[in-house]
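Each chain is listed here by its residues.
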Amino acid sequence: MSIELTSSTRSFDGLQQQYRHHSTVLNCTMHFSVFLPRGADSKEGGQYPVLYWLSGLTCTDANFSQKAGAQRVAAELGIVLVIPDTSPRGEGVADDPSYDLGQGAGFYVNATQDPWKQHYRMYDYIVDELPTLIEEHFPVNQRRAISGHSMGGHGALVIGLRNPERYTSISAFSPICNPIACPWGEKAFAAYLGADTTLWEEYDASVLVGRAINHRPILVSQGDEDEFLEQQLRPGALQMAAEACGYPLRFEQHGGYDHSYFFIASFIEEHLRFHGDFLLRQDH
């Protein structure tokens, strides 16, 4: 699989880059961003672990790269950051006028319904196609962690819980924790997955945590001034489910913080060091 470099900027002695490629899974051209710490811009630079970051509704691969301020700590720790786009895009890709469905709102599921199923297979893209591409073209190893924000926090939790063998650790900022019981999730799942709600449960972290056999450490950060907290995010459902089954969930509530990237920038160092504890273990 070939990739094309579209931009490259020096940052903390590493490189912040953007690439594009044709996705077979999504049947369209996709962009992703990557931060390479010093030494990782060469195939001979060593083998680096990777943190995959999944962004939220209306975002692209650029939001996290430009607003979170993650490069400094990633450079210090020697972790590659991979930031995909949030959905398939382009002419011929199904879309919707609303911000919470269609392009920019892939929800990290494999759509089963027309017209979405021809392109909207973000779950397979994140789990399989993109890591294969990254591991082919960059000096990384198979130590992976996953994180995200809002819709991307939902994606990180679901993908991490369903694929514990692929990730050392999972984290999320302000995630949609119980999408089968919130307006955003109900709308997207009905469109992408149809009326069978048993299929919806395969993409709900509050359900999956109770089914998990192999546990990976999870860190969730939530601001208590988040305007979407009660109606859309529902972190209490995830906390209750984790408590009921003894899942190792670390939930941190932060007073006065909202849903914005100011919140992410305030605590991204904590999340990167959390993942670093597992990604950089010599006995892994």
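Refer to the preceding data block for the structure.
Residues numbered from 1 in each chain as written. Predicted model: local features only at pLDDT ≥ 70, side-chain atom pairs only at ≥ 80, totals over all residues. Heavy atoms only, no water.

Participant: Quick question: what am I supposed to make of the pairing of strand S6 (residues 140-148) here?
Facilitator: Burial analysis of S6 places 8 of its 9 residues in the buried class, which makes it a mostly covered element. Examined bridge by bridge, strand S4 (residues 48-54) and S6 share 6 bridges and lie parallel to one another. Along S6, the bridge assignment pairs Leu54 with Gly148. (Buried < 20%, exposed > 50% of the residue type's maximum accessible area, 1.4 Å probe, protein only. Helix = DSSP H or I, 4+ residues; strand = E, 2+ residues; numbered from the N terminus. Pairing = 2+ DSSP bridges.)

Participant: I tried to follow the pairing of strand S8 (residues 218-223) on my own but got confused; where do I start?
Facilitator: Regular strands have side chains that alternate between both faces of the sheet. Buried residues dominate S8, accounting for 6 of its 6 residues. Residues Ile218, Val220 and Gln222 of S8 are buried on one face, and the alternating residues Leu219, Ser221 and Gly223, pointing to the opposite face, are buried as well. In this sheet, S8 lies alongside strand S7 (residues 170-173) in parallel orientation, the contact comprising 4 bridges. In the sheet register, Phe173 faces S8, and the bridge partner there is Ser221. Across 6 bridges, the pairing between S8 and strand S9 (residues 249-254) is parallel.

Participant: So what exactly am I meant to see when it comes to the environment of Thr168 here?
Facilitator: With respect to the helices and strands, Thr168 occurs in the loop between helix H4 (151-162) and S7. Taking C-alpha positions, Thr168 is 29 Å from Cys182, a pair spaced 14 residues apart along the chain. A distance of 3.2 Å separates a polar atom in the side chain of Thr168 from a polar atom in the side chain of Ser169. (Polar contact = N/O pair within 3.5 Å; in protein donor to acceptor, adjacent residues only side chain to side chain.)

Participant: Sorry, what's going on with the packing of aromatic side chains here?
Facilitator: What describes a pair of aromatic rings is the distance from one ring centre to the other and the angle between the planes of the rings. Taken as a whole, this structure holds 17 aromatic pairs when the rule is applied. Chaining the aromatic ring pairs together yields one cluster made of Trp53, Phe64, Phe173, Tyr257, Phe263 and Phe267. The ring of Tyr123 has Arg162 lying over it, and the distance from NZ or CZ to the ring centre is 4.3 Å. In this structure, Arg162 packs its charged tip against the face of Tyr203, placed 4.9 Å from the ring centre. (Phe/Tyr/Trp six-rings, centres within 6.5 Å; stacked < 30°, edge-to-face > 60°. Lys NZ or Arg CZ within 6 Å of the ring centre and 35° of its normal.)

Participant: It is not clear to me how unusual backbone geometry should be interpreted in this structure. Could you clarify?
Facilitator: Comment: phi is negative for the bulk of residues other than glycine, and the bulk of peptide bonds are trans. Geometrically, the link from Asp114 to Pro115 is a cis peptide bond, its omega value of -5° lying close to zero. Relative to the elements of secondary structure, Pro115 occurs in the loop between strand S5 (80-84) and helix H3 (122-137). Despite not being glycine, Asn27 shows a phi value in the positive range, around 60°. Under the relative-accessibility criterion, Asn27 is labelled partly exposed at 44%. A positive phi angle is found at Thr58, which is not glycine, with a value near 75°.

Participant: What is the right way to look at the pattern of salt bridges in this model?
Facilitator: If charged atoms from side chains of opposite charge come close, those side chains can pair. Evaluation of the coordinates by the stated rule reveals 13 salt bridges. Note that Arg121 and Asp124 form a salt bridge whose closest N and O atoms lie 2.8 Å from each other. With its nearest N and O atoms 2.8 Å apart, the salt bridge here joins Arg250 to Glu270. With Arg250 in strand S9 and Glu270 in helix H10 (residues 261-279), the pair connects residues that are 20 residues apart, well separated along the chain. (Salt bridge = Lys/Arg side-chain N within 4 Å of Asp/Glu carboxyl O.)

Read these as layout, nothing more, since geometry by itself doesn't imply function.
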